[in-house]
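Fold and contact review
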Amino acid sequence: MTTGFFNSGQELVCDGVPLAAIADAEGTPLYVYSAPTIRARYRAIDDAFDGYPHAVHYALKANSTFGIVRLLRSLGSAADANSVGEIEVARRAGFAPADIVFTGVGKSQDELAYAVPLGLKAINVESAGELDRIEAIAQRLDAAVRVAVRINPDIDAGSHPHISTGLRINKFGVPLATAREMLASMPARPALTLVSVHVHIGSQITSLGPLGGAAAFVARIAGELRRAGQPLEYVDVGGGLGISYDGSHVVSPHDYVTALVAAVRPTALPIVVEPGRSIVGPAGALVARVIDTKPRNALSEFVVIDAGMTELMRPALYDAFHRIEPVRPSPGDPRAYEVVGPVCESSDVVGRDRILPPLEVGDLMAILDSGAYGSAMASNYNRRPLPAEVLVDNGSWQRIRRRQTIDDILALEP
Ligand code: LLP
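Before going into details, it helps to say that this report is about the structure given with it. All values derive from a computational prediction rather than experimental measurement.

**Concerning helix α9 (residues 253-264)**
The terminal C-alpha atoms of α9 lie 16 Å apart, and with twelve residues this matches the ideal 16 Å at 1.5 Å per residue to within 8%. Every buried residue of α9 is accounted for by Y256, V257, A259, L260, V261, A263 and V264. Among the structural elements, α2 (35-48), α8 (208-227), β11 (235-236) and β12 (271-273) are those in contact with the buried residues of α9.

If you want it as structure tokens, here you go:
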């Protein structure tokens, strides 16, 4: 079954529901999500393990809107949380602490004091110092805390430099030599229970080589540890599977998981994966309205829409490409447009040099594949209220977040 956003006759729909109807009722800018797409994409990963023991820990950082997190929970997902805020969202959405891994390169003392007594599946440790701080808290509580060591495998993910994490020069994890020291110290530290080793080499990775290489890397370390008498409970291979923003070929969830299983099977250990984007990215569109048009140069026009870097930071931050489609394309010869947001920054360009049907003030546009790192990275810059968010399911939609008001924003300021 095809799910999500497609053209039905003359207009864009989400699972059969016209985006224009949703936008007219809810206003713009607006995030629209397809529940059937989230289900299908979650299952594509989960099913591909084909009986091999595993746990899918959805990475909340991609989209932690409560309704989305609850939906993932209902599908049987576990959670990857990167902050106390994300742990709280996960817990309130019904995840048990034992279903949550706590990742993140800079966990504050307050965050660790909160996390250590919770009984999480693991705290993925990012440095020798962090391991010491976790141990000290656990000793004070006279408890044992489950930890995994995040190793930096020095593998090039081949993704955008801002979202590649697996090279030595990146701030993430510890080099193998440091990891070996940390791992070797564990048996003498009763407050620490070593459960796993972890890698995450980056995001929006579109080829199998780096992903399979990272999995083989942790599998190798897990094998060494078993031979040294330090068996692990599972290996955590992180997230990072990319999606196709422009229609070009990317690794399928099936091939991705098959490669993970092939790499890890020799250890016989369960696999933890932390996918974010690959589950929710294609399941969301950002719907915006045209505010203005004006000439740009001899070849193109500006079209100013009511969504920009405040609602989808990816183009401004990574020069990321997102397909932009008119919700109800008007007839007429296509033209070249520079699609820009309303924010006071020249970097606030949503799409460069797009060939689109003629656009007029009031027209609706959909920025596709905005389900991951859209709402999650949105800001109040220019005092712009966060948009509403709706989840489409069963031929209708439900508001899962109301539009923020100026009063909401100012409520924090005496
Ligand atoms: N696990 C860890 C430890 C991570 O740091 C991340 C993402 C994930 C899992 C999930 O990765 P995914 O499956 O979504 O690729 N804002 C950027 C992406 C930043 C990714 C940060 N870490 C973007 O919009 O492209």
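**Focus on the side chain of S159**
Tracing the backbone shows S159 in the loop between β9 (145-150) and α7 (176-185). What makes S159 buried here is its relative accessible area of 17%. Of note is the side chain of S159, whose polar atom sits 3.3 Å from the backbone oxygen of Q204.

**A look at the site of the ligand**
For the ligand, the set of nearby residues contains 19 residues, the closest of which are S203, E274, R314, Y318 and Y373. The side chain of H200 places a nitrogen or oxygen atom 3.5 Å from an oxygen atom of the ligand. Interatomic distance of 2.9 Å between a backbone N/O atom of G240 and an oxygen atom of the ligand. Considering the ligand on its own, with 590 Å² of exposed area, one finds that the protein chains cover 92% of that surface. Looking at the shell around the ligand residue by residue, the classes come out as six nonpolar, seven polar and six charged. Each of two domains, domain 1 (5-33 + 282-410) and domain 2 (35-280), supplies a minimum of three residues to the shell around the ligand.

**Describing unusual backbone geometry**
Looking along the chain, the bond that leaves T28 and enters P29 is cis, with omega of -10°. Positive phi, close to 60°, is recorded for D319, a residue that is not glycine. Residue position: D319 is located in the loop between α11 (314-318) and β15 (324-326). The backbone of D353 sits at a positive phi, close to 50°, despite the residue not being glycine. On the secondary structure map, D353 appears in strand β17 (residues 349-356). The exposure class assigned to D353 is exposed, which follows from its relative accessible area of 53%.

**A closer look at the packing of α8 against α9**
Packing of α8 against α9 brings their axes to within 8 Å, and their N-to-C directions diverge by 25°. For the element pair α8 / α9, the angle class is roughly parallel. Considering only the axes of α8 and α9, their crossing is right-handed. In contact with L208, L211, G212, A215, A216 and A219 of α8, α9 contributes D255, Y256, A259, L260, A263 and V264.

What counts and how
Residues numbered from 1 in each chain as written. Predicted model: local features only at pLDDT ≥ 70, side-chain atom pairs only at ≥ 80, totals over all residues. Heavy atoms only, no water. Helix = DSSP H or I, 4+ residues; strand = E, 2+ residues; numbered from the N terminus. Expected span 1.5 Å × (residues − 1). Buried < 20%, exposed > 50% of the residue type's maximum accessible area, 1.4 Å probe, protein only. Contact = heavy atoms within 4.5 Å. Polar contact = N/O pair within 3.5 Å; in protein donor to acceptor, adjacent residues only side chain to side chain. Near = heavy atom within 4 Å. Areas by Shrake-Rupley, 256 points an atom, 1.4 Å probe, with all protein chains shown as cover. Nonpolar A, V, L, I, M, F, W, Y, C, P; charged D, E, K, R; others polar. Domains from an automatic or database assignment. Axes fitted to C-alpha atoms, helices over the stretch in contact; angles between N-to-C directions. Parallel < 35°, antiparallel > 145°, perpendicular 65-115°, else oblique. Left-handed = near helix turned anticlockwise from the far one by under 90°.

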